[in-house]
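Observations on chain architecture
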Amino acid sequence: MKKTEMFQQLLASKDTFILPGAFDAMTARIIEETGFKAIYATGAGISNAQLGWADVGLTTLTEIAQVVSWMSEVTTVPIVVDADTGFGNAINMQRTVKVLEKSGAAALQIEDQVMPKKCGHFNGKEVISKDEMVGKIKAALDARTDDQLAIIARTDALGVLGFDEAIERANAYKEAGAHAIFVEAPTTYEQLSRITKEVSGIPHIINLVEGGKTPLVSRQEAQNLGFQIMLCANSALRGAIKGATDAMQILMRDESQENIHDVICTWEQRQELFKLKEIQQLEKQYS
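Cut-off values and rules
- Throughout, residues of each chain are indexed from 1 in the direction in which the sequence is written.
- Reporting in this predicted model follows two pLDDT cut-offs: at least 70 for local features of residues, and 80 or more for side-chain atom pairs to be given and counted; totals over whole chains, interfaces and linings ignore these cut-offs and use all residues.
- As a rule here, side-chain values come from all non-hydrogen atoms in the structure, and water together with hydrogens is ignored.
- Runs of H or I in DSSP of at least four residues are treated as helices and runs of E of at least two as strands, each being numbered from the N terminus.
- Our radius of gyration looks at C-alpha atoms and nothing else; its globule reference is 2.2 Å times the residue count to the power 0.38.
- Only protein chains enter the accessibility calculation, which uses a 1.4 Å probe; a residue is then buried when its area is under 20% of its type maximum, exposed when over 50%, and partly exposed in between.
- By definition, residues are in contact when any of their heavy atoms lie within 4.5 Å.
- In this tally Asp and Glu are treated as negative and Lys and Arg as positive; neither His nor the chain ends contributes.
- Charge coordinates come from a single atom per side chain, which is NZ of Lys, CZ of Arg, CG of Asp or CD of Glu.
- We count a salt bridge whenever a side-chain nitrogen from Lys or Arg sits within 4 Å of a carboxyl oxygen from Asp or Glu.
- Here the axes come from fitting lines to C-alpha atoms, over the contacting stretch only for helices, and the angles between their N-to-C directions go from 0 to 180 degrees.
- Helix crossings are classified by the rotation of the near helix relative to the far one: an anticlockwise turn of less than a right angle makes the crossing left-handed, while a clockwise turn makes it right-handed.
- Residue polarity is assigned by list, with Asp, Glu, Lys and Arg as charged and Ala, Val, Leu, Ile, Met, Phe, Trp, Tyr, Cys and Pro as nonpolar; anything else, Gly included, falls into the polar class.

A word on the overall build of the chain. Of the regular secondary structure elements, the chain holds 13 helices and 8 strands. Relative to a compact globule of 287 residues, whose C-alpha radius of gyration would be 19 Å, the chain shows 20 Å and is just as compact. Taken over 287 residues, the chain has a buried fraction of 49%. By sequence separation, contacts in the chain at least 24 residues apart represent 70% of the contacts at least 6 residues apart. The centroid of the 29 positive side-chain charges in the chain is displaced by 3 Å from the centroid of its 38 negative side-chain charges.

Following this line, the structure appears as structure tokens:
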């Protein structure tokens, strides 16, 4: 089964699923091998990990596509790609769809921010007009070569123009043909409940950012609120940052690796993750 079909089946399921974010092939493989059903190629995580900068729209389409292709090569579950604004207007959006589809995306998330965008939980965002975003959604749908490729429409209007405008836009994006709706950065349980009720008949994403604007809920709570996808975009990234920082601080403090073992994986775990045994078997096969 194609990954695009697998993701469409996840959207059609009645069970809410957790969508963890990966920022490289390593974290994508970890997410799949942990047992999650899909992977989110996080734009913020790729900017942080690959560029070393905050999520303020600095990544390019080709940089995102390269990372997604690496993720796709080592995983078998669907990858949802954060495609930001589509990197321009409706015509740019069409090229973005074609490039990321070739890179292995099963779904694309696009948003209505002004380019360059900012993290949805940052202040100072701006949004394009509702009509322009509707045109970009239609352009994205038309550009697909695989009609199972899902288009997820995100609105950042809540923090810029208010809750009612965000709901109006979400319904317009639904009518334009989006497969799922993502209202970014609601700040209360009441807003979470209203989003799924007032934009009905379509899967919804709840984006849970540790320390962000949206209240953290469990998967079951997200399901009770009516959200199909529980996005945890940068939990792996932040775990990696803490793990690496802890290891380096111990190394700096002790000038020895004697006390570092509790904060790093074992040699065996590392080689198992990166398939050394399988590579060695191939080397024997072709020698």
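Turning next to the pattern of salt bridges. As enumerated under the stated definition, the model contains 16 salt bridges in all. For the salt bridge of Lys130 with Glu168, the shortest nitrogen-to-oxygen distance reads 2.8 Å. Here Lys130 is found in helix α6 (residues 130-143), whereas its partner Glu168 is found in helix α8 (residues 163-176), with 38 residues between them in sequence. Looking at Lys130, the relative accessible area reads 24%, which means it is partly exposed. The exposure class assigned to Glu168 is partly exposed, which follows from its relative accessible area of 42%.

A word on the packing of helix α5 (residues 90-103) against α6. Packed helices, taken two at a time, are described by the angle their axes make and the gap between the axes. Between α5 and α6, the shortest axis-to-axis distance is 8 Å and the interhelical angle comes to 40°. The two elements α5 and α6 cross, and the hand of that crossing is right-handed. Counted together, Ala90, Met93, Gln94, Val97, Lys98 and Glu101 of α5 and Gly135, Lys136, Ala139, Ala140, Asp142 and Ala143 of α6 form the full contact between these two elements. For the contact of α5 with α6, the residue count by class is 6 nonpolar, 2 polar and 4 charged.

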